[in-house]
Amino acid sequence: MAGNSQRRNRRNPGSKKGASVGTGGHSRKALQGKGPTPRGEERKGHPKQRAANAALKRERDAKSRAGMRRGGGPRSGRGGAGAAELVVGRNSVVEALQGGVPATALYVQQFIDTDDRVREAFQAANERGIPLMEAPRPQLDQMTGGLNHQGLVLQVPPYEYAHPDDLLAEAADAGQDALIMALDGVTDSRNLGAVVRSAAAFGAHGVVIPERRAAGMTAGAWKTSSGAAARLPVARATNLTRALEAYQKAGLMVVGLAADGEAEIGDLDALTGPVVIVAGSEGKGLSRLVAETCDLLVRIPMPGQTESLNAGVAAGIVLYEAARLRAKR
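Now for a look at the structure at hand. These numbers come from a predicted model, not from an experiment. Per chain, residues are indexed from 1 in the order of the written sequence. Local features are withheld for residues below a pLDDT of 70 in this predicted model, meaning they are given only at 70 or higher, and side-chain atom pairs are given and counted only at 80 or more; totals for whole chains, interfaces and linings count all residues. Excluded from the side-chain calculation are hydrogens and water; included are all heavy atoms of the structure.

### Some details on the pairing of strand β5 (residues 179–184)
No. 1: With six of its six residues buried, β5 lies for the most part within the structure.
No. 2: Exposure is judged per residue with a 1.4 Å probe applied to protein chains only, and the accessible area is read against the type maximum: over 50% gives exposed, under 20% gives buried, and values in between give partly exposed. A helix here means a DSSP run of H or I that spans at least four residues, while a strand means a run of E at least two residues long, and both kinds are numbered starting from the N terminus. Side-chain alternation along β5 places Leu-179, Met-181 and Leu-183 on one buried face and Ile-180, Ala-182 and Asp-184 on a second face that is also buried.
No. 3: Summarising the sheet, β5 and strand β10 (residues 275–280) pair through six bridges and their orientation is parallel. Its bridge partner lying in β10, Ile-180 is registered against Val-276. Two strands are said to pair when DSSP picks up at least two bridges between them.

### Notes on the sheet that holds strand β7 (residues 234–237)
No. 1: Strand order in the open sheet formed by seven strands is β7-β6-β5-β10-β8-β11-β9, with parallel pairing between adjacent strands. Every other strand in the sheet has two partners, leaving β7 and β9 (263–264) as the edge strands with one partner each.
No. 2: As paired strands, β5 and strand β6 (residues 206–210) are joined by three bridges and run parallel to one another. The residue of β6 that forms the bridge with Met-181 is Val-207.
No. 3: We call two residues contacting when some pair of their heavy atoms lies within 4.5 Å. Only C-alpha atoms enter the line fits that serve as axes; for helices the fit covers just the stretch in contact. Angles between N-to-C directions range over 0 to 180 degrees. The strands touched by helix α6 (residues 164–174) within the sheet are β5, β6 and β7, with β7 carrying the most contacts at an inclination of about 145°.
No. 4: On top of the sheet, helix α7 (residues 189–201) reaches β5, β6 and β7; it is set at about 155° to β6, its chief contact.

### Brief notes about the side chain of Ser-198
No. 1: With respect to the helices and strands, the residue Ser-198 is situated in helix α7.
No. 2: Once residues lying within four places of it in the same chain are set aside, the contact partners of Ser-198 are Gly-312, Gly-316 and Leu-319.

### Digging into the packing of α7 against helix α11 (residues 311–327)
No. 1: Closest axis-to-axis distance for the α7/α11 pair is 8 Å, and the angle between their directions is 10°. In this view, α7 runs roughly parallel relative to α11, as classed from their interaxial angle. The residues of α11 that touch α7, namely those facing Asn-191, Ala-194, Val-195, Ser-198 and Ala-199, are Ala-311, Gly-312, Ala-315, Gly-316 and Leu-319.
No. 2: Only Asp, Glu, Lys and Arg are considered charged, only Ala, Val, Leu, Ile, Met, Phe, Trp, Tyr, Cys and Pro nonpolar, and every remaining residue, Gly among them, polar. Grouping the constituent residues of the contact of α7 with α11 by class yields six nonpolar, four polar and no charged. Should an angle fall under 35 degrees it is called roughly parallel, over 145 degrees roughly antiparallel, and 65 to 115 degrees roughly perpendicular, with every other angle called oblique.

### Comments concerning the packing of aromatic side chains
No. 1: Note on ring pairs: Phe, Tyr and Trp rings are taken, using the six-membered ring of Trp, and paired if centres are within 6.5 Å. Classes follow the plane angle, with under 30 degrees stacked, over 60 edge-to-face and the rest tilted. Here the structure, examined in full by the defined rule, presents three aromatic pairs.
No. 2: Centroid distance Tyr-159 to Tyr-161: 4.7 Å. Interplanar angle 70°. Geometry classified as edge-to-face. In this structure, Tyr-159 and Tyr-161 share a single accessibility class: buried.
No. 3: Judged by centre distance (5.9 Å) and plane angle (70°), the rings of Phe-202 and Tyr-320 are edge-to-face. Of this pair, Phe-202 sits in the loop between α7 and β6 while Tyr-320 sits in helix α11; the two residues are 118 residues apart in sequence, bridging distant segments of the chain.

### Focus on the environment of Phe-122
No. 1: Tracing the backbone shows Phe-122 in helix α4 (residues 116–128).
No. 2: Owing to a relative accessible area of 22%, Phe-122 belongs among the partly exposed residues under this scheme.
No. 3: Ignoring anything within four residues of it in the chain, the contact list for Phe-122 reads Leu-106, Val-108, Leu-132 and Leu-152.

### Considerations on α4
No. 1: With 13 residues, α4 should reach 18 Å at 1.5 Å per residue; the first-to-last C-alpha distance of 18 Å fits that figure.
No. 2: Within the sequence span of α4, burial applies to Val-118, Ala-121, Ala-124 and Ala-125. The buried residues of α4 all sit within an arc of 130° when viewed along its axis, so they share a single face. Exposed and oriented more than 90 degrees from the buried face of α4 are Asp-116, Asn-126 and Glu-127.
No. 3: Throughout this description, a polar contact denotes any pair of N or O atoms lying within 3.5 Å of each other; where both atoms belong to protein, one of them has to be capable of donating a hydrogen while the other can accept it, and for residues adjacent in sequence the pair is counted only when both atoms sit in side chains. If you check the start of α4, you find a side-chain oxygen 3.2 Å away from the backbone N of Arg-117, and it comes from Asp-115.
No. 4: Note on α4: the residue one or two positions beyond its end, Gly-129, has a positive phi of about 70°. The span you would expect from a helix comes to 1.5 Å times its residue count less one. By definition, the arc is the one covered by directions from the helix axis to the C-beta atoms.

### A closer look at the packing of helix α3 (residues 90–98) against α4
No. 1: At a minimum axis distance of 9 Å, the contact between α3 and α4 shows a crossing angle of 30°. One element, α3, and the other, α4, form an angle in the roughly parallel class. As α3 runs across α4, the sense of the crossing is left-handed. Of the residues in α4, those in contact with Arg-90, Asn-91, Val-93, Val-94, Glu-95, Ala-96, Leu-97 and Gln-98 of α3 are Arg-117, Val-118, Glu-120, Ala-121, Ala-124, Ala-125 and Arg-128.
No. 2: For the contact of α3 with α4, a count of residues per class yields eight nonpolar, two polar and five charged. What makes a crossing left-handed is the near helix being turned counterclockwise from the far one by less than a right angle; a clockwise turn instead makes it right-handed.

### A few points about the sheet that holds strand β4 (residues 152–156)
No. 1: Sheet architecture is open: four strands sit in the order β1-β4-β2-β3, paired in mixed fashion. Of all strands in the sheet, those with a lone pairing partner are β1 (85–88) and β3 (132–135), marking the two edges. Across the sheet, the axes of successive neighbouring strands diverge by a mean angle of 25°, strand direction being ignored.
No. 2: In this sheet, β4 lies alongside β1 in antiparallel orientation, the contact comprising four bridges.

And the structure:
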């Protein structure tokens, strides 16, 4: 009889014997509440959470692409390197390859329509042993941030900057008085490349640039230097004024170029000894702190109507004069 009663209770959950199956959670065995419903952004698989994750990914990708395109980031320790750089577009890529710009890879769009520039890029990359990486167009679009890459993207490695003290070591190893070029506030990478080229041509031991608010050794600077950047060290100073003061303590004369300088470069005996020559930007010239740090301000005589010279031209003139005077010793 007891067995029959239990079977009837299972068939009839609402009997007076008490329910054990199929109560719908209305008994002492009911599920406990879990609190308020989480927001959509916190619920796995919810459309709002997917949208928030997608926005976060886009932000991270944008920061990554910006870092790749900069070509010069904060220096990490002594002689640190900046961020990698991308050269995009068929003409730019071919000019960079033929100009000796270092590269780690040439990305080529799948099913690219080949023309003379594409073939020239392939040939130059093969001659230099640069690997070709085939990639679909969406990937190249993402890498370049939507720039018009025309199916070619060249990856340039981070430049390995020297430390300002390394330039003194270069001079000591050569058994020569130090001849160093410093740039204050020059933001055009082509000007930097021209200065590096002149410095290498006239026997300087290196170029010093500030870490902030100044051009770095980008692909454009490499190209303008015509390969000189591979032979001449470029140092980055966290604070240019302090770097110049350190050079002064090491026995170097700091000479600044200024339109209102008290002496002309042709009469400057300081160029024959250990010296740092500082050039400012074409528009603003030397900053106040740098000008006050200089031991001497000199001018380049210009009988014409030109009021100022860009850093590349000014550095070439003064470095030539230094090389000429040193050759007479």
